[in-house]
Amino acid sequence: MIEIASAELSATINPFGAELSSLRDADGRELMTDADPAFWTGRAPLLFPIVGRLMDDRYRLDGKEYALPAHGFARRQGFALIEQAPDRAVFRLTDNDETRAAYPFAFALDAAFTLHEATLTMAIRVTNTGDTDMPASFGFHPAFAWPLPYGAAKEEHQIVFADDEPGRLSAIVKGGWIDADGWESPVEGRVLELYDELFERDALVWNPVRSQALTYGALGGPQLACEFPDTPALGLWMKPGARYLCIEPWHGIADPWGFDGEIWDKPLMQRFAPGEARTFTMRVTLRV
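Residues numbered from 1 in each chain as written. Predicted model: local features only at pLDDT ≥ 70, side-chain atom pairs only at ≥ 80, totals over all residues. Heavy atoms only, no water.

## A word on the overall build of the protein
To keep it simple, the criterion reads: Think of it this way: any DSSP run of H or I at least four residues long counts as a helix, any run of E at least two long counts as a strand, and we number them from the N terminus. Throughout, the radius of gyration refers to the C-alpha atoms, and the reference size of a globule is 2.2 Å times the residue count to the power 0.38. Only protein chains enter the area calculation, which uses a 1.4 Å probe; residues under 20% of their type maximum are buried, those over 50% are exposed, and those in between are partly exposed. Any two residues whose heavy atoms approach within 4.5 Å at even a single point are treated as in contact. Residue-level accessible areas treat just the shown protein chains as cover; the underlying method is Shrake-Rupley with a 1.4 Å probe. Charge counting follows a simple rule: Lys and Arg are positive, Asp and Glu are negative, and His as well as the terminal groups are ignored. Every charge is mapped onto a representative atom, which is NZ of Lys, CZ of Arg, CG of Asp or CD of Glu.
A tally of regular secondary structure across the protein gives one helix and 23 strands. Over its C-alpha atoms the protein spans a radius of gyration of 18 Å, differing by no more than 12% from the 19 Å that the globule rule assigns to 288 residues. By principal-axis analysis of the C-alpha atoms, the protein measures approximately 55 × 45 × 35 Å. The buried share of the protein, taken over its 288 residues, is 54%. Contacts spanning at least 24 positions in sequence make up 64% of the contacts within the protein whose residues lie at least 6 apart. When the accessible surface of the protein is summed, it comes to about 12000 Å², and 48% of that surface belongs to carbon and sulfur atoms. Once the 26 positive and 43 negative side-chain charges of the protein are each reduced to a mean point, those two points are 3 Å apart.

Dropping the structure here:
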C-alpha cells in the first residue's frame with residue numbers, strides 16, 4: 001500500500017489495480033466504503049479498456065471475437081509505482097501477454113493521485129503506444145461512505161448536480177446491459193434525494209450528463225465536491241443495505257441490449273491514433 005497526505009487529507013492506494021483504498025480527513029475519519037463483503041469488496045477500481053459489460057462478455061474486432069470481463073482488466077492487474085512524493089504517487093500499467101490475449105493493443109495506463117489541501121486529484125492518462133488505431137474507454141468507480149462519518153443519517157444525504165438534469169436515465173437490464181427505453185429520472189431540478197430503494201433495479205446512469213460537477217453529503221454538514229470535466233456519462237450505484245455510494249464518471253458505457261457490432265461502433269468508444277494520449281480527471285474536495 002502506498003500512502004500520500006496533505007494537511008487536510010490522507011489517502012492509501014493499492015498498486016494492484018492502482019485502486020484508491022482509503023481517503024481520510026485530518027482527524028482520521030474514513031470517507032470511503034467499508035468494503036463489507038456481504039455487499040461489495042471493491043473500493044475504487046479503474047475501468048479500462050471498457051466500461052460496463054459486453055454482450056456475452058465478448059467483442060468483435062476485424063472479424064475476430066475476444067473475451068473481456070465487465071469493466072475490463074485494469075482492476076485485476078498489478079501497476080508499477082513510477083513516481084512517489086509525500087503528497088503524490090503515480091502508477092503505470094503497460095500491455096503484457098495476459099492483456100494482449102484479450103485486447104491486442106500496446107498501451108500505457110498512468111494513474112496519478114495528488115493531494116493538495118482538501119482536494120484529491122485522480123488523473124488517468126491513456127496512451128496508445130502501438131502503431132495502429134486503438135479503441136478504448138475509461139471510467140472511475142470510487143465508493144464513498146454512505147453515510148459520511150459526520151453524524152447525519154443515510155436518508156439525510158443527497159446529490160446536488162451543478163446543472164439541471166432533466167433527461168431520462170439509461171436503463172440497465174438484468175445482466176448489466178443498456179435498455180433503449182430508459183427510466184424516468186428521480187432528480188428534481190438539480191437535487192437527487194438518496195435512499196436505498198433508488199438502486200433496487202441497478203445503477204442510475206446519465207448518458208449524457210449535463211453537469212461536470214456535483215456535491216454529495218447531508219445539508220449543513222461536511223460534503224464531498226466531485227468534479228469530472230472529461231467524462232460525458234455518469235453512474236451512481238450501491239447495493240441496497242450497503243454503506244457506500246459509488247459516484248462513477250465514465251467515458252464509456254455498457255453495450256446496448258442485443259449489440260452485435262464491432263467494438264468501434266460501441267457507444268462512447270474512443271479511437272486513439274498511434275502515439276495519442278488522453279487524460280481523464282476526477283477531483284474530490286472535502287468541504288467542511
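Next, the rest of the story.
## Some thoughts on the sheet that holds strand β1 (residues 2-5)
What counts here: One bridge is not enough; two strands pair if DSSP finds at least two bridges between them. To obtain each axis, a line is fitted to C-alpha atoms, and for helices this fit is confined to the stretch in contact; angles are then taken between N-to-C directions over 0 to 180 degrees.
Judged by pairing direction, the sheet is antiparallel, and its three strands sit side by side in the order β1-β2-β3 without closing on themselves. Whereas interior strands pair on both sides, the edge strands pair on one side only; in this sheet they are β1 and β3 (19-25). Direction aside, the axes of adjacent strands within the sheet are offset by 20 degrees on average. Looking at chain direction, β1 and strand β2 (residues 9-14) are connected through four bridges and run antiparallel. Note on β2: the bridge partner recorded for A5 is S10.

## Re the layout of surface pockets
For the record, the criterion: Cavity: a set of points on a 1 Å grid over the protein atoms alone where a 1.4 Å probe fits but cannot get out. Pocket: an open set with protein on both sides within 12 Å along at least five of seven lines, its lining residues, like those of a cavity, having an atom within 4 Å of a point. Grid points are joined across faces, edges and corners, and a volume is the space filled by probe spheres set on the points. Under the scheme applied here, ten amino acids are nonpolar (Ala, Val, Leu, Ile, Met, Phe, Trp, Tyr, Cys and Pro), four are charged (Asp, Glu, Lys and Arg), and all others, including Gly, are polar.
The computed volume of the largest pocket comes to approximately 390 Å³. As for the largest pocket, its lining consists of 21 residues, of which G52, H71, H141, D202 and W237 are closest to the centre. Partitioned by chemical class, the residues of the lining of the largest pocket number 11 nonpolar, five polar and five charged. As for the second largest pocket, its lining consists of N14, F16, E19, W40, T41, G42, P45, R75 and R76. Here the lining of the second largest pocket is composed, by residue class, of three nonpolar, three polar and three charged.

## Some thoughts on the environment of D97
Here is the rule: Here a polar contact is recorded for every N or O atom pair within 3.5 Å, except that within protein the pair must consist of a potential hydrogen donor and a potential acceptor, and residues adjacent in sequence are included only if both atoms are side-chain atoms.
Mapped onto the elements of the fold, D97 is located in helix α1 (residues 97-102). Its relative accessible area of 65% is what places D97 among the exposed residues. Of the polar contacts made by the side chain of D97, one reaches the side chain of R100; its length is 2.8 Å.

## Focus on the nonpolar core
Worth spelling out the cut-off: In this text, buried Ala, Val, Leu, Ile, Met, Phe, Trp, Tyr and Cys residues form a nonpolar core when linked through side-chain atoms within 4.5 Å.
F48, F113, I159, L192, W206, Y216 and I247 are the most contacted members of the largest nonpolar core, which totals 91 residues. Among residues more than four places away in sequence, those in contact with W206 are F161, E165, L169, S185, V187, L192, P232, A233, L234 and L236.

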